[in-house]
Amino acid sequence: MLRRLIDLSCSQRKPYSEARALLDQQSNVSMKVPPEELTEGLQLLPYAEATYEEDDVVNETCHERGHAVLKLVGLSKPGAPAHFLSFDATKKLAILSVRGTKTPADALTDLAGDIQQRDLEDGKKLYAHAGFLTAADSVLQSIRGAVRDLLAPLGYSLLVT
């Protein structure tokens, strides 16, 4: 199974481009998705796709869309995925894009599949895939300062891909 995950993570597939091409071919998109949400989702696809590319492609993709890259972690480690945080000062919009499975390190994160429990501040319990929870904690640690000290005080919205 590990070999299969590694082979898949090293393939040249571009799932976001494939999804975009499929949507372009179909004229009857699901009526359950409001058109404005579909449009917003399609506008986020280049950011999501860029996380699978080299750092210069991430920077170029963001720049072409009026975004500056604030934080870029291009290499993943087990439990710490590649990601970037960009912002558009005109729209007061920040985008956090977190890469899924591309490298063997990402596959190792996927394999840490035990269910982990975390107690929340309101007394509720959260149950999550241990690898994904570790990855989320890693990304949060990476961007926390920029969001808390820079973007939030200036009223930025944050979208996550």
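Check the entry above for the structure.
Within every chain, residues take consecutive numbers counted from 1 along the sequence as written. With pLDDT at 70 or above as the cut-off, local features in this predicted model cover only qualifying residues; side-chain atom pairs require 80 or more to be listed or tallied, and sums for whole chains, interfaces and linings still use all residues. Excluding hydrogens and water, the side-chain values take into account all heavy atoms of the structure.

Regarding the packing of aromatic side chains
- Centres within 6.5 Å make a pair out of two Phe, Tyr or Trp rings, where for Trp the six-membered ring is used; the pair is then stacked when the planes are under 30 degrees apart, edge-to-face when over 60, and tilted otherwise. The tally for this structure, following the rule as stated, stands at one aromatic pair.
- Seen from their ring centres, Phe87 and Tyr156 are 6.1 Å apart, and the 80 degrees between their planes marks the pair as edge-to-face. With Phe87 in strand S2 (residues 83–88) and Tyr156 in the loop between helix H6 (130–151) and strand S6 (157–160), the pair connects residues that are 69 residues apart, well separated along the chain.
- Relative accessibility decides the category of a residue: with a 1.4 Å probe and only protein chains considered, values under 20% of the type maximum give buried, values over 50% give exposed, and everything between is partly exposed. Among the residues examined, Tyr156 registers a relative accessible area of 16% and is labelled buried. Secondary structure elements follow DSSP: runs of H or I of four or more residues count as helices, runs of E of two or more count as strands, with numbering from the N terminus.

Some details on a nonpolar patch on the surface
- Taken together, the side chains of Leu70, Leu150 and Leu154 present a nonpolar region at the surface, about 230 Å² in accessible area.
- The class for Leu70 is partly exposed, based on a relative accessible area of 33%. Patch membership requires over 30% relative accessible area and the absence of a salt bridge. Like charges are linked within 9 Å, and nonpolar side chains (Val, Leu, Ile, Met, Phe, Trp, Tyr) within 5 Å. Values of accessible area rely on a 1.4 Å probe in the Shrake-Rupley scheme; residue burial ignores everything except the protein chains shown. Salt bridges are defined as contacts in which a side-chain nitrogen from Lys or Arg sits within 4 Å of a carboxyl oxygen from Asp or Glu.

Concerning the pattern of salt bridges
- A full pass over the atoms with the stated rule returns five salt bridges.
- With a closest N to O distance of 2.7 Å, Arg118 and Asp137 form a salt bridge. Of this pair, Arg118 sits in strand S4 (residues 115–119) while Asp137 sits in helix H6, and the two are 19 residues apart along the sequence.

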